[in-house]
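# Working through the structure, step by step
Listed here are the chains, written in short residue letters.
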Amino acid sequence: MKRKNQRLALLLAAAAAVVAAVLLAMSALKDQAAYFYTPGDVARQGVPTGRAVRIGGMVQTGSIRRAADGVTIDFVVGDETPHTIPVRYRGIVPDLFKEKSGVVAEGRFEAGGRFVATEILAKHDENYRPPVLDANTGEHKSRSLK
Amino acid sequence: MHAFANPARFLKLARPLTAWLGWGGGLLVALALLDGLVLAPRDYLQGESVRILYVHVPAAWLGMGGWAALAAASLMQLVWRHPLAAIAARAVAVPGAVFTAICLATGSLWGRPTWGTWWQWDGRMTSMLVLLFLYAGWIALAEAERERSGDGRLAAIFGLVGAVNLPVIHYSVLWWRSLHQGQSIGLTGTTIDPAMLWPLLGSALGFTLLFAAVVLMRMRALLARQKVEARLRRLAA
């Protein structure tokens, strides 16, 4: 084998080893690196009450209730499973927070199963289009949350 | 590629190419940004803040593309010992780091009104920040190695190993649930309206040409510096 090919073979072997190591680490991280739990995850694995976690999903249609004090809101988060989570939050929500769009909430579960959020983030989807099209097609369709 | 092993032949081609790429890229970026920032429609949900897209996405593409080029140059250097490969890698690293920083900054500016936060440690953002740190580490290592008159082999190995971060960035929104949205432009289609897609593609191409022009300029400057240093050494001897 020529020196050049020897070096190439050595590098390719090293590269394969590094890539394999990273892929193994990433697949091990798959569950830990998820940025939030979905209602389906919570129903399946159970999330301890009192520990700070993030949950995410779609804000269910017609579920947003604003309390009389003006800053407390209640809503329900769902996903493609039948499970849902009731959420309460005191504070200002981002502009993109609305029904049928993605949301990520940081906070804790109460004993009763309700999630008390300390921070609300709106999740944006991968669709970009001008407002005029929206009138033609009606409601925007969002793909299921990853 | 070894036709350009001779720096004189490389310079003969690089000099006019720099001008063409620079002016072409500058013109394209100006047109695309005029379209994107002024003429293109606002988004039905995000409103005007969607216009950050026309800088953010090209910056992300070039930050990642820059490291891909750096890794390719590292491979050329380690396997074929191409005499210009180390120079090319050093020329790419700085603009690559700058575009990665632009990507992070514009993403943060967009995240505040859209998500409601400047920064979150989700998979996409964290892996992109790691890329910026890799660039910083690589530049420091390459400079240190050059000062000790090494041949840049350590930096080349670092460049190849660092490339494993690129698929991690790309797949971060697919492997893990993330705050960052999934990809909008795939092999099979796009979820971006044509009125927004064209200025985006134009600006991506324009910034890429500008990037190439900057890399050629830096390669010429680094070659000139190498020549000056060699001459000074000869005078001192």
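Criteria and thresholds
- Residues numbered from 1 in each chain as written.
- Chains lettered and ligands numbered in written order.
- Predicted model: local features only at pLDDT ≥ 70, side-chain atom pairs only at ≥ 80, totals over all residues.
- Heavy atoms only, no water.
- Helix = DSSP H or I, 4+ residues; strand = E, 2+ residues; numbered from the N terminus.
- Buried < 20%, exposed > 50% of the residue type's maximum accessible area, 1.4 Å probe, protein only.
- Contact = heavy atoms within 4.5 Å.
- Buried area = accessible area lost by both parts, 1.4 Å probe.
- Salt bridge = Lys/Arg side-chain N within 4 Å of Asp/Glu carboxyl O.
- Nonpolar A, V, L, I, M, F, W, Y, C, P; charged D, E, K, R; others polar.
- Core = buried A, V, L, I, M, F, W, Y, C linked by side-chain atoms within 4.5 Å.
- 1 Å grid on protein atoms, 1.4 Å probe; cavity = no way out; pocket = protein on both sides within 12 Å on 5 of 7 lines; lining within 4 Å.
- Points joined across faces, edges and corners; volume = space filled by probe spheres on them.
- Pairing = 2+ DSSP bridges.
- Axes fitted to C-alpha atoms, helices over the stretch in contact; angles between N-to-C directions.
- Parallel < 35°, antiparallel > 145°, perpendicular 65-115°, else oblique.
- Left-handed = near helix turned anticlockwise from the far one by under 90°.
- pLDDT = per-residue confidence, 0-100.

### Describing the overall build of chain B
A tally of regular secondary structure across chain B gives 7 helices and 0 strands. Tracing chain B from N to C terminus, the helices and strands come up as α-α-α-α-α-α-α. Each of the three principal axes of chain B carries a C-alpha extent, and together these read 70 × 35 × 30 Å. Sorting the 237 residues of chain B into buried and exposed places 49% on the buried side.

### Structural notes on the interface of chain A and chain B
Counting residues at the interface gives 42 residues for chain A and 41 residues for chain B. Roughly 3700 Å² of surface becomes buried between chain A and chain B when both sides are summed, with 62% attributable to carbon and sulfur atoms. The closest approach of N and O atoms between R177 of chain B and D41 of chain A, which form a salt bridge, is 2.7 Å. Those elements that place two or more of their residues in the side of chain A that touches chain B are α1 (3-29), β5 (102-109), β6 (115-123) and α3 (131-137) of chain A. Per-element accounting of the side of chain A that touches chain B gives the leading share, 10 residues, to α1 of chain A. Within the side of chain A that touches chain B, the residues separate by chemical class into 23 nonpolar, 4 polar and 15 charged.

### So, the nonpolar core
Among the nonpolar cores identified, the biggest contains 52 residues, and F10, W67 and W138 of chain B are the most heavily contacted of them. Those elements giving two or more residues to this core turn out to be α1 (7-39), α2 (53-80), α3 (85-114), α4 (123-147), α6 (165-175) and α7 (194-236) of chain B. Looking at which element gives the most residues to this core, the answer is α7 of chain B, with 11 residues. Counting residues in each nonpolar core, the second largest holds 19 residues, with V42, V87, Y89 and I120 of chain A among its members.

### Topic: the layout of surface pockets
Residue and element names in this part refer to chain B. In this model, the largest pocket occupies a volume close to 1000 Å³. Every residue lining the largest pocket is counted, 36 residues in all, and those nearest its centre are V57, A60, W61, R124 and H180. Broken down by secondary-structure element, the contributors of at least two residues to the lining of the largest pocket are α2, α3, α4, α6 and α7. The element contributing the most residues to the lining of the largest pocket is α2, with 7 residues. Within the lining of the largest pocket, the residues separate by chemical class into 23 nonpolar, 12 polar and 1 charged.

### Things to note about the pairing of strand β1 (residues 53-59) of chain A
Every other side chain in a regular strand lies on the same face of the sheet, so the side chains alternate between the two faces. Residue and element names in this part refer to chain A. Burial analysis of β1 places 6 of its 7 residues in the buried class, the great majority of the element. Inspection of the sheet shows β1 paired to β5 by 6 bridges, in the antiparallel sense. Along β5, the bridge assignment pairs R54 with E106. Note: β1 against strand β3 (residues 72-78), 2 bridges, orientation antiparallel. Counted as the bridge partner of M58 is G78 from β3.

### Quick word on the packing of α2 of chain B against α3 of chain B
Residues and elements named next belong to chain B. Running from amino to carboxyl end, α2 crosses α3 at an angle of 155 degrees, the nearest separation of the two axes being 7 Å. The orientation of α2 with respect to α3, classified from their angle, is roughly antiparallel. The two elements α2 and α3 cross, and the hand of that crossing is left-handed.

### Considerations on the confidence of the model for chain B
In regions of low pLDDT, the predicted coordinates are not meant to be interpreted in detail. Averaged over all residues, the pLDDT of chain B equals 91, while 99% of them reach at least 70. Confidence estimates for the predicted assembly give a pTM of 0.87 and an ipTM of 0.76.

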